[in-house]
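# Summary of structural features
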Amino acid sequence: MSRESEVDLSGEPSRSALPGTLPEALRTELIAFRRDMHMHPELGNQEFRTTAALKHRLEAAGLVPRVLNTGTGLVCDIGSPEDGGRPMLALRADIDALPIPDTKAGVAYRSTVPDRAHACGHDVHTTAVLGAGLVLAELDREGRLPQPVRLIFQPAEEVLPGGALDAIESGVLEGVGRIIAVHCDPRVDVGTIGLRTGPITSACDRLEVSLDGPGGHTARPHLTTDLVTAAAKVATEVPALLARRVDARSGLALTWGRIAAGHACNVIPQHAELSGTVRCLDLKSWREAPDLVHAAIDEISALYHAKSQINYVRGVPPVVNDLMMAELLRDAQTARRGSQSIEDTEQSLGGEDFSWYLEQVPGAMARLGVRTPGDTSRHDLHRGDFDADERAIQVGVELFTAAALIDGDRS
C-alpha cells in the first residue's frame, strides 16, 4: 500500500546548513529501487539479483564495489583513505528477505516470488544505505567529504548465526573503526528514530529437541513411554524450570514455535520433535544458556523415560550500542530534523546479527520509524502484510549522510 498522507520531514533548520540532503530526482529513483527489490525478494546467500542491481548502480556512480567472497553482498568505499588516516566509518545494510508469503493487498510492488517477502524492512535498509552512498559520492567529487566512508551490503541476516560473520571473514571491517545501521520499526512514526545506549536487541539462539521411546498402544501407556505427554511436559515445564534457575533480570526466554508427534489417535508414537528459540537480554545469560537449557531438558525428559537429543544452535549476541556512536546518531538526526524527532526506545527480544560487528568495532543501531502517523493497522515485522512508509528512505539517507559528515569533521 502506498503511503501518501502528509508528513513534514523538513525538521528544524540545521545551524550549520549541513550538506548531503536527498535531491528529489534521487528520492524518486530510490523509491523505485526499493519497490523493485520488494517485488523480487531473495533469501539469505541467494541474493544474486539484488547484489547485481546494487553493483550496477554503484558502478554507474563511478564507484568500485566488490562482491563478497560468499558470492552475494557487496562492500564499497567512497573516498580514498589517506596513509595513516583515521579508520573509516561504515554504513551497514542487510539485503535478504524472509521465507513467508507477501499478503499485502492493493499494492503494485507486492512480492512476485511465492513464499518470499521483504517483511522485515531490509529493502528499506538497503535503499537508505545505497542512497547515502550516492549522495556521499557526489560530495566526494565536490571535495566536501571530510573522510572516506564504507558501504556494507550484507547477505543472510536472517540465517543464524548471521551473514555478518561471513562478511567479516570477507574483510569488510578491514580499515573500519566505527559502524552504524538502522532497523525499521513499525511502532515509530516516519520522520522519527528511536535510540538507546547499551543493549538494544537481545541474544537469539535456535533450539531443536528430539524425544524417542519404544511406542505402543494408547490402551497401555504404563507399559511404554508416553511420548506425547513427555513432549508436552518438555514444552511447558522446561521454560518454567529455566525461569527459576536464572536471574529474572536476565530476560532468558525459551519459546517454542513447533511441536510434532504421532500419526494416529490410538498409537503412542516413537518420536516427537520440538523447536523454538532461546532469547537473552544480556551477554552473561547468553553464555550460560546452552548448559542451562540442556540440563533442564534432560531432567524433564528423564522423568518421563524419554530419550532426548538436543541441537542447540548458537545465534547472535545482543546488539550493544556504544555511547559515543549512539550520540553520533543523535547529533546527526538532530542536525537533520531536530531533537524532537528522536525518542527513547526499549530493548527488544529480537535478534540482529549487526551485533557481530560490534564485537570487533564500536557502533550503534537506530530504530527507523516507518509508520505513517495515525496508522492504527499495526503491521508488525515478520508478518506477510508488513509495509513501510517510503518516506523513511529519505530519513535514513539523510541520517547516514549527516553521521558521516559530522564524524568526519570530528576526526
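So, here is what we can say about the structure in this document. (Residues numbered from 1 in each chain as written. Predicted model: local features only at pLDDT ≥ 70, side-chain atom pairs only at ≥ 80, totals over all residues. Heavy atoms only, no water.)

## Structural notes on the environment of Phe386
- Of note, Phe386 is situated in the loop between β16 (363-371) and α9 (391-410).
- Each C-alpha atom of the pair Phe386 and Ala295 lies 38 Å from the other, and the pair is 91 residues apart in sequence.
- Those residues within four positions of Phe386 in sequence are excluded, and the remaining contacts are Lys104, His118, Ala119, Cys120, Gly121, Cys184, Pro186, Val370, His379, Asp380 and Leu381. (Helix = DSSP H or I, 4+ residues; strand = E, 2+ residues; numbered from the N terminus. Contact = heavy atoms within 4.5 Å.)

## Side note on unusual backbone geometry
- A cis amide bond, omega 0°, links Leu160 with the succeeding residue Pro161.
- Along the polypeptide, Pro161 turns up in the loop between β4 (149-154) and α4 (164-169).
- With a phi angle near 60°, Asp115 is a residue other than glycine that sits in the positive phi range.
- Tracing the backbone shows Asp115 in the loop between β3 (88-94) and α3 (122-141).
- Looking at Asp115, the relative accessible area reads 44%, which means it is partly exposed.
- Unusually for a residue other than glycine, His382 sits at a positive phi of about 65°.
- In this structure, His382 sits in the loop between β16 and α9. (Buried < 20%, exposed > 50% of the residue type's maximum accessible area, 1.4 Å probe, protein only.)

## Regarding the nonpolar core
- Ranked by internal contacts, the top residues of the largest apolar core, which has 66 residues, are Leu91 and Phe153.
- Residue contributions to this core peak at eleven residues, all from α9.
- Once you skip the residues sitting within four places of it in the chain, Phe153 turns out to touch Leu54, Leu58, Leu68, Gly73, Leu74, Ala93, Ile95, Thr126, Val129 and Leu130.
- Counting 48 residues, the second-largest nonpolar core is a separate cluster that includes Ala167, Ala203, Leu211 and Ala231. (Core = buried A, V, L, I, M, F, W, Y, C linked by side-chain atoms within 4.5 Å.)

## Quick notes on the side chain of Thr201
- Tracing the backbone through its elements, the reader meets Thr201 in the loop between β7 (198-199) and β8 (203-212).
- Judged by its relative accessible area of 4%, Thr201 falls in the buried class.
- Side-chain polar atoms of Thr201 contact the backbone nitrogen of Val319, separated by 2.9 Å.
- Leaving out residues up to four positions away in the same chain, Thr201 has contacts with Pro318, Val319, Gln347, Ser348, Gly350 and Glu352. (Polar contact = N/O pair within 3.5 Å; in protein donor to acceptor, adjacent residues only side chain to side chain.)

## Some details on the sheet that holds strand β15 (residues 342-344)
- Taken together, the eight strands give an open sheet; going across it, the order is β1-β2-β4-β3-β5-β16-β6-β15, and neighbouring strands pair in mixed fashion. The open sheet is flanked by β1 (66-67) and β15, the only strands paired with a single partner.
- In the sheet, β3 pairs with strand β5 (residues 176-189) via four bridges, with the strands oriented parallel. Bridging from a neighbouring strand, Met88 pairs with Val176 of β5.
- Here helix α2 (residues 48-60) sits on the sheet in contact with β1, β2 (74-78) and β4, set at roughly 15° to β2. (Pairing = 2+ DSSP bridges. Axes fitted to C-alpha atoms, helices over the stretch in contact; angles between N-to-C directions.)

## Thoughts on the packing of aromatic side chains
- For the structure shown, the criterion picks out two aromatic pairs.
- Between Trp286 and Trp356, the aromatic rings sit 6.4 Å apart at their centres with planes inclined by 65°, giving edge-to-face as the arrangement. Remark: Trp356 occurs in helix α8 (residues 354-358) and Trp286 occurs in helix α6 (residues 283-303); sequence separation between them is 70 residues.
- When the ring centre of Trp286 is taken as reference, the NZ or CZ atom of Arg314 above it lies at 4.0 Å. (Phe/Tyr/Trp six-rings, centres within 6.5 Å; stacked < 30°, edge-to-face > 60°. Lys NZ or Arg CZ within 6 Å of the ring centre and 35° of its normal.)

## Side note on the pattern of salt bridges
- All chains considered together, the criterion is met by 31 salt bridges.
- Glu29 is paired through a salt bridge with Arg57; the nearest N and O atoms lie 2.4 Å apart. With a gap of 28 residues between them, Glu29 in helix α1 (residues 24-39) and Arg57 in helix α2 connect regions that are remote in the sequence.
- Here Arg92 and Asp353 are joined by a salt bridge, their closest N and O atoms 2.7 Å apart. Highlighted residues: Arg92 in strand β3 and Asp353 in the loop between β15 and α8, separated in sequence by 261 residues.
- Each member of the salt-bridge network shares a partner with another, and the members are Arg34, Arg35, Asp123, Asp387 and Glu390. (Salt bridge = Lys/Arg side-chain N within 4 Å of Asp/Glu carboxyl O.)

## Topic: the packing of α3 against α9
- Relative to each other, α3 and α9 sit at 45°, their axes nearing to 8 Å. Looking at the two axes, α3 sits oblique to α9. Helix-helix and strand crossings are classified by hand; for α3 and α9 the assignment is right-handed. Across the interface between the two elements, Val124, Thr127, Ala128, Val129, Gly131, Ala132, Val135, Leu136 and Leu139 of α3 pack against Ile393, Gly396, Val397, Phe400, Thr401, Ala404 and Leu405 of α9. (Parallel < 35°, antiparallel > 145°, perpendicular 65-115°, else oblique. Left-handed = near helix turned anticlockwise from the far one by under 90°.)

## Examining helix α7 (residues 323-337)
- For α7, which comprises 15 residues, the first-to-last C-alpha distance of 21 Å matches the rise-based estimate of 21 Å (1.5 Å per residue) to within 8%.
- Among the residues of α7, Met325, Ala326, Leu328, Leu329, Ala332, Gln333, Ala335, Arg336 and Arg337 are the ones counted as buried.
- Among the structural elements, β3, β5, β6 (193-195), β15, β16 and α9 are those in contact with the buried residues of α7.
- Its side-chain oxygen placed 3.1 Å from the backbone nitrogen of Met324, Asp322 serves as the N-cap of α7. (Expected span 1.5 Å × (residues − 1).)

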